[in-house]
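Here is how the chains run, residue by residue.
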Amino acid sequence: MPKPSTHHARLVTAGLAFGESPRWHDGRLWVCNWGTGEIIAVDAAGNRQIMLTVPAVLPYSIDWLPDGRLLVVSGREGLLLRQDADGRLVTHADLRDLSRSPWNEIVVDGRGNIYVNGGGPEPAPGEHFGPGTIVLITPDGTVRQVAEDIAFANGMAVTPDNRTLIVAESHARRLTAFDIGEDGSLSKRRVWADLVSDHPDGICIDAEGCVWYADVPNRCCVRVREDGAKVDRVEVDRGCFACMLGGADGRTLFILAAQWRGFEHMVSDARTGQVLSVAVASPGTGWPSYSSGTR
């Protein structure tokens, strides 16, 4: 198999505590700055603005409802929060009855179905995480579990036709796909791409149907086809935790990177978190959505 093309990223901004859950929204990259409770927006020149401070240290993640209201997963609280028109955060869904383990990532598809992963059984002694789950919150507010036994659930993305959800199973070194039913349920679980020795974290989809994934231990972002062929690679000097396609034409890959010191020391005073970017050929699509304006 040919080696993937290697690209080099440029620094957009530095000094973050620990960036996660990037989203391109209203012409800027929105980032959860773990360890600070901040949700920030970064423009192409690297200027940062604090958009909101939330009652969460980590993990927390963001996406938007189709009507433009911001959603925030407060992972350790087990709550999905919604920002209303007056700026207040209110509870959109309570996930504590499903699991007391922390929740992680979120994606909202084009029909307004909300998927949140994490949770699941308590971890075994000596382990940081147990098998993860995926829960669905439908537009009418119904909450139900739709997948289980996810090997450390991380990034999620939905194809632009709203028919397939892809999730990164970091500990299984694979991307896993599900068919999405008319009612939002997930079925036909399958390996979308076997990544062999890579550990996928955050992911996004491009217009050619490939997935970009961030990899912490291998300090890179990789573009992969559904058959597992790795076609592009961006190498950096620290762990890559998440990535998102955005920019004026959707052809900028933004990478959130930081020095990895283990789960006990994820956030430190060193502030090694960075936003990096690289120009790519294929624009973003699907969900989390790429949009030059609002969602």
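Anyway, here's the lowdown on the structure attached to this text.

We now examine the sheet that holds strand S13 (residues 132-137). The sheet built from four strands is open, its strands ordered S11-S12-S13-S14 with antiparallel pairing. Edge positions in the sheet fall to strand S11 (103-108) and strand S14 (143-150), since each has one partner strand and no second. Sheet twist, expressed as the mean angle between neighbouring strand axes with direction ignored, is 20°. Where S13 and S14 come together, five bridges link them in antiparallel fashion. The residue of S14 that forms the bridge with Val135 is Gln145.

Okay, the pairing of strand S25 (residues 273-279) next. Of all seven residues in S25, six are buried, a share of seventy percent or more. Bridge count for strand S2 (residues 10-16) against S25 is five bridges, and the pairing is antiparallel. When the bridges of S25 are listed, Leu11 appears paired with Leu276. Across six bridges, the pairing between strand S24 (residues 252-258) and S25 is antiparallel. Within S25, the position partnered with Leu253 by the bridge is Val278.

Applying the stated rule across the entire model yields 19 salt bridges. When the shortest N-O distance is used, the salt bridge between Arg111 and Glu182 registers 3.8 Å. Here Glu182 lies in the loop between strand S17 (174-180) and strand S18 (186-194) and Arg111 lies in the loop between S11 and strand S12 (114-118), a separation of 71 residues in the sequence. Arg111 sits in the partly exposed class, given a relative accessible area of 33%.

It is worth spelling out the sheet that holds S17 at this point. Read from one edge of the open sheet, four strands run S15-S16-S17-S18, paired in antiparallel fashion. If you trace the sheet from one side to the other, it starts and ends with strand S15 (153-158) and S18, each paired once. Direction aside, neighbouring strands of the sheet carry axes that sit 25° apart on average. Where strand S16 (residues 164-169) lies against S17, six bridges are found, and the strand directions are antiparallel. What sits directly across from Leu165, in S17, is Phe178.

What follows covers the packing of aromatic side chains. As enumerated under the stated definition, the model contains five aromatic pairs in all. Ring centres 5.0 Å apart and planes at 85° place the aromatic pair Trp30 and Trp64 in the edge-to-face group. Here Trp30, found in strand S4 (residues 28-33), pairs with Trp64, found in strand S7 (residues 60-64); they are 34 residues apart in sequence, far enough to count as distant. What makes Trp30 buried here is its relative accessible area of 10%. Classification of Trp64 as buried rests on a relative accessible area of 4%. Between Phe241 and Trp260, the aromatic rings sit 5.8 Å apart at their centres with planes inclined by 55°, giving tilted as the arrangement. Of the two residues, Phe241 sits in strand S23 (residues 239-246) while Trp260 sits in the loop between S24 and S25, which places them 19 residues apart along the sequence. Taking the relative accessible area as the measure of exposure, Trp260 reaches 36% and is therefore partly exposed. Feature note: the residues Phe18, Trp34, Phe241 and Trp260 constitute an aromatic cluster, connected by ring pairs.

The rules behind each value
- Residues numbered from 1 in each chain as written.
- Predicted model: local features only at pLDDT ≥ 70, side-chain atom pairs only at ≥ 80, totals over all residues.
- Heavy atoms only, no water.
- Pairing = 2+ DSSP bridges.
- Helix = DSSP H or I, 4+ residues; strand = E, 2+ residues; numbered from the N terminus.
- Axes fitted to C-alpha atoms, helices over the stretch in contact; angles between N-to-C directions.
- Buried < 20%, exposed > 50% of the residue type's maximum accessible area, 1.4 Å probe, protein only.
- Salt bridge = Lys/Arg side-chain N within 4 Å of Asp/Glu carboxyl O.
- Phe/Tyr/Trp six-rings, centres within 6.5 Å; stacked < 30°, edge-to-face > 60°.

Geometry only, nothing functional implied.
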